[in-house]
Amino acid sequence: MTLQLALLELSAAFDCVDHDILLMRLQRIVGLSGQVLSWIRSFLTERSLRVVYAGGLSLLIVLLWGVPQGSVLGPLLFLLYTAELFDIIVSVTFGRLAGRDYWPSCGMVTV
């Protein structure tokens, strides 16, 4: 019996979401378009941050990637962004397990 383990380090994952890829997936997977897609694009873009530390103020940093944390939409958008990840892991795993019985629709493997 062979055991395979995949670990994903997601500590900064919300900060690494590519806006263009997310918007494309929202169109393709969810079917969003028009004004709703424009609202989400507006929600994601033209964001910036500053840090106050020990009485000092950092430079303004424009955020080019990521979903806003602490918002209701942030976790939902991240889940939609990573929705295809499971399919990719399953296809790679099943490619390595060629010749064994499996049910690709539910990702179960018989060893």
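Above this text you will find the structure in question.
Everything numeric here is computed off the predicted structure, so don't read it as measured data.

Student: With reference to specific residues and values, describe the overall build of the chain.
Tutor: Along its length, the chain carries four helices and six strands. Ordering the α and β elements of the chain from the N terminus gives α-α-β-β-β-β-α-α-β-β. Split into buried and exposed, the 111 residues of the chain put 18% on the buried side. Of all intrachain contacts in the chain linking residues separated by at least 6 positions in sequence, the fraction that spans at least 24 positions is 51%. When the accessible surface of the chain is split by element, carbon and sulfur atoms take 62% of a total near 8,400 Å².

Student: Can you tell me about the packing of helix α1 (residues 19-30) against helix α3 (residues 73-81), naming the residues and giving the values?
Tutor: Relative orientation of the contacting elements α1 and α3 amounts to 75°, with a least axis distance of 9 Å. By the angle between their directions, the pair α1 and α3 is classed as roughly perpendicular. Where α1 approaches α3, its residues Ile-21, Leu-22, Arg-25, Leu-26 and Val-30 are matched on the opposing element by Leu-77, Leu-80 and Tyr-81. Here the contact of α1 with α3 is built from residues that sort into seven nonpolar, no polar and one charged.

Student: Just give me the short version of the packing of aromatic side chains, but keep the residues and values in it.
Tutor: Summed over the entire model, instances satisfying the criterion amount to one aromatic pair. Considering the side-chain rings of Phe-14 and Phe-78, the 4.7 Å spacing of their centres and the 15° angle between planes classify their relative orientation as stacked. A residue pair is termed long-range when its members are at least 10 positions apart, and Phe-14 in the segment before α1 and Phe-78 in helix α3 qualify at 64 residues. Looking at Phe-14, the relative accessible area reads 22%, which means it is partly exposed. Taking the ring centre of Phe-43 as reference, the NZ or CZ of Arg-47 above it sits at 5.0 Å.

Student: Residue-level account of the nonpolar core, with values.
Tutor: In terms of nonpolar packing, the biggest core is built from twelve residues, these being Ala-13, Val-17, Leu-22, Leu-23, Leu-26, Leu-37, Ile-40, Leu-44, Val-67, Leu-77, Phe-78 and Tyr-81. Contributions of two or more residues to this core are made by α1, α2 (34-44) and α3. In this view, Leu-22 contacts Val-17, Leu-44, Val-67, Leu-77 and Tyr-81; residues no more than four positions away in its chain are not counted.

Student: Could you give an account of α3, naming the residues involved and the relevant values?
Tutor: Turning to α3, its buried residues number three or more, namely Gly-74, Leu-77, Phe-78 and Tyr-81. Projected down its long axis, α3 carries its buried residues within an arc of 100°, all on one side. Buried residues belonging to α3 abut α1 and α2.

Student: Requested: an account of unusual backbone geometry, with residues and values cited.
Tutor: Even without being glycine, Glu-46 reaches a positive phi, approximately 55°. One non-glycine residue, Ala-54, adopts positive backbone phi at about 50°. Along the chain, Ala-54 falls in the loop between β2 (52-53) and β3 (56-57).

About the cut-offs
- Residues numbered from 1 in each chain as written.
- Predicted model: local features only at pLDDT ≥ 70, side-chain atom pairs only at ≥ 80, totals over all residues.
- Heavy atoms only, no water.
- Helix = DSSP H or I, 4+ residues; strand = E, 2+ residues; numbered from the N terminus.
- Buried < 20%, exposed > 50% of the residue type's maximum accessible area, 1.4 Å probe, protein only.
- Contact = heavy atoms within 4.5 Å.
- Areas by Shrake-Rupley, 256 points an atom, 1.4 Å probe, with all protein chains shown as cover.
- Axes fitted to C-alpha atoms, helices over the stretch in contact; angles between N-to-C directions.
- Parallel < 35°, antiparallel > 145°, perpendicular 65-115°, else oblique.
- Nonpolar A, V, L, I, M, F, W, Y, C, P; charged D, E, K, R; others polar.
- Phe/Tyr/Trp six-rings, centres within 6.5 Å; stacked < 30°, edge-to-face > 60°.
- Lys NZ or Arg CZ within 6 Å of the ring centre and 35° of its normal.
- Core = buried A, V, L, I, M, F, W, Y, C linked by side-chain atoms within 4.5 Å.
- Arc of directions from axis to C-beta.

Function cannot be read off these values alone, since they describe shape.
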